[in-house]
Amino acid sequence: MRQSLGLVSLVVREHDEAIAFFVGTLGFRLVEDSCVPEQGKRWVVVAPPGADAGQLLLARASTLEQRARIGAQAGGRVFLFLYTDDFWRDYHAYRARGVVFVRAPRTRPYGTVAVFRDLYGNLWDLLQPSPAPRAAGDPPT
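Basis of the calculations
Residues numbered from 1 in each chain as written. Predicted model: local features only at pLDDT ≥ 70, side-chain atom pairs only at ≥ 80, totals over all residues. Heavy atoms only, no water. Helix = DSSP H or I, 4+ residues; strand = E, 2+ residues; numbered from the N terminus. Contact = heavy atoms within 4.5 Å. Pairing = 2+ DSSP bridges. Axes fitted to C-alpha atoms, helices over the stretch in contact; angles between N-to-C directions. Domains from an automatic or database assignment. Salt bridge = Lys/Arg side-chain N within 4 Å of Asp/Glu carboxyl O. Polar contact = N/O pair within 3.5 Å; in protein donor to acceptor, adjacent residues only side chain to side chain. Nonpolar A, V, L, I, M, F, W, Y, C, P; charged D, E, K, R; others polar.

Looking up the protein in an unreviewed UniProt entry gives the name Catechol 2,3-dioxygenase-like lactoylglutathione lyase family enzyme, with the organism given as Pseudoxanthomonas taiwanensis J19.

Written out as structure tokens, the structure is:
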């Protein structure tokens, strides 16, 4: 059996401001932006550059309860983990574009990581995972 997560819904205030942040600031690509008239909704999907899975559905809040959850979908914990192949490239690019990092970069056994806020206040890890350790007898890469 093989399964994967296709989309994660992120509750947003407005689609266009969310697109501006995720596409314009973080450099994500706009996968889909279409109207669903029978439901009175807009279907907006973005994905990190180079990603072939793990896309975000930018879901506009339509009730008071949903609006109350904007920016707090994980109760103050890190909500999403953005993996990168070059931590310092992305860290410096994001800072130059005004992304606010709330925890400074640090190196841990699992990789180099820093925590940033999206435009709504959700916390994200920007993470470059450490290379997997080689097993005894594995040839060097």
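Its place among the elements puts Q66 in helix 2 (residues 64-69). A sequence separation of 54 residues divides Q66 from V12, and the C-alpha atoms of the two residues are 8.9 Å apart. Contacts of Q66, omitting those with residues within four sequence positions, involve V11, R60 and A61.

A word on the sheet that holds strand 5 (residues 78-83). Read from one edge of the open sheet, 4 strands run 5-8-7-6, paired in mixed fashion. The open sheet is flanked by strand 5 and strand 6 (100-108), the only strands paired with a single partner. Across the sheet, the mean angle from the axis of one strand to that of its neighbour is 20°, orientation sign disregarded. Pairing of strand 7 (residues 111-117) with strand 8 (residues 123-129), which is carried by 7 bridges, proceeds in the antiparallel orientation. Directly across from A114, in strand 8, lies its bridge partner L126. Running at roughly 165° to strand 6, helix 3 (residues 87-96) makes contact with strand 5, strand 6, strand 7 and strand 8 of the sheet.

Looking at the protein, the domain boundaries give domain 1 (1-70) and domain 2 (73-133). A separation of 19 Å is found between the C-alpha centroids of domain 1 and domain 2. Across the boundary between the two partners, domain 1 contributes 20 residues, which contact 14 residues of domain 2. Connecting domain 1 to domain 2 are 0 salt bridges. At the junction of domain 1 with domain 2, the criterion picks out 7 residue pairs in polar contact (both at pLDDT 80 or more). Broken down by secondary-structure element, the contributors of at least two residues to the side of domain 1 that touches domain 2 are strand 1 (7-12) and helix 1 (15-25). Counting residues per element, the side of domain 1 that touches domain 2 draws most heavily on helix 1, at 6 residues. Here the side of domain 1 that touches domain 2 is built from residues that sort into 12 nonpolar, 4 polar and 4 charged.

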